[in-house]
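Chain residues, written in single-letter form:
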Amino acid sequence: SQQQVSNCFLITIQASSLYMHPEIVHIESKILAGVCLPMSLTQNRTHELWASFMPVRKSILHSIDHLLYSVQVYDAQYFAAFDPAHPFVKWAAVEVTSLDHVVTGMQSIIVPSGQYAVFHYKGLAGDPSIFQYIFGTWLPTSGYQLDQRPHFEILGPSYRNNDPASEEDIWIPVKPIQGNKTNN
């Protein structure tokens, strides 16, 4: 019926409005400690990565808080010609104050300072629609371009694996397009 169609339309608009306008923030560099694996979208090893990290995460000294970081490091050509088989490195990590006592088997990565577009996302982690929106709709009209720094998600207290009510913040490294001073 028309009422059902209208309700469906409203639900779609409400859901998509959750990530329509990111917050643009500048962060100082972050020191992360954890584990990493090479992978691609076609050879996704995310479960293996987190299964190796979660049992040892509490042994990491100098952690700042209880937030988990899912970090992706892409090479400079990754987004030039998208290919789901193109490899990247994914991290499961926590932020730390010092690398002085990194536990055996752990590695470190420094996320350089810079601007990020932060999208608050609610939904299944495996749903690609948020990234289709970010890279296909928001970014081309935003006045920003990707910056060559790590991408990451912060998995806080509202994150629940494989739960449609899960929440996370998606951090996309950006810089203004040359000559554009827009702050969308």
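Just so it is clear, the structure is predicted and the values come from calculations on it, not from any experiment.

Participant: How would you sum up the packing of aromatic side chains? Please name residues and give values.
Facilitator: Following the criterion strictly, the structure yields 16 aromatic pairs and no others. Pairing Tyr 74 with Phe 88 gives two aromatic rings, centres 5.2 Å apart and planes at 50°, and the pair type is tilted. Taken together, the residues Tyr 74 in the loop between β3 (68-73) and β4 (88-95) and Phe 88 in strand β4 connect sequence positions 14 residues apart. Every member of this aromatic cluster is reached through a ring pair, and the members are Tyr 74, Tyr 78, Phe 79, Phe 82, Phe 88, Phe 131 and Phe 135.

Participant: Now, about unusual backbone geometry: what can you tell me, with residues and values included?
Facilitator: Even without being glycine, His 62 reaches a positive phi, approximately 70°. Its place among the elements puts His 62 in the loop between α2 (46-53) and β3. A positive phi angle, close to 60°, is found at Asn 162, a residue other than glycine. Examined against the element boundaries, Asn 162 turns out to sit in the loop between β8 (151-155) and β9 (167-176). Using a relative accessible area of 65% as the deciding quantity, one classes Asn 162 as exposed.

Participant: Mind laying out the nonpolar core, listing which residues take part and the relevant values?
Facilitator: Among the nonpolar cores identified, the biggest contains 17 residues, and Leu 49, Trp 50, Phe 53 and Ile 60 are the most heavily contacted of them. Among the secondary structure elements, those contributing two or more residues to this core are β2 (30-39), α2 and β4. If you tally residues by element for this core, the top one is β2, at four residues. One finds Val 25, Ile 109, Phe 152 and Ile 154 within the second-largest nonpolar core, a separate group that totals 14 residues.

Participant: Lay out the pattern of salt bridges with the relevant residues and their values.
Facilitator: Per the counting criterion, the structure on display carries four salt bridges. The residue Lys 30 makes a salt bridge to Glu 95 at a minimum N-O spacing of 3.3 Å. Of this pair, Lys 30 sits in strand β2 while Glu 95 sits in strand β4, and the two are 65 residues apart along the sequence. This pair shows no difference in class: Lys 30 is buried, exactly as Glu 95 is. A salt bridge links Glu 48 to Arg 45, with the nearest nitrogen and oxygen atoms 2.9 Å apart. For Glu 48, a relative accessible area of 41% corresponds to the partly exposed category. Three or more residues joined by partner-sharing salt bridges are found here, namely Asp 147, Arg 149 and Lys 175.

Rules of the game
Residues numbered from 1 in each chain as written. Predicted model: local features only at pLDDT ≥ 70, side-chain atom pairs only at ≥ 80, totals over all residues. Heavy atoms only, no water. Phe/Tyr/Trp six-rings, centres within 6.5 Å; stacked < 30°, edge-to-face > 60°. Helix = DSSP H or I, 4+ residues; strand = E, 2+ residues; numbered from the N terminus. Buried < 20%, exposed > 50% of the residue type's maximum accessible area, 1.4 Å probe, protein only. Core = buried A, V, L, I, M, F, W, Y, C linked by side-chain atoms within 4.5 Å. Salt bridge = Lys/Arg side-chain N within 4 Å of Asp/Glu carboxyl O.

Any functional reading would require information beyond the geometric quantities listed.
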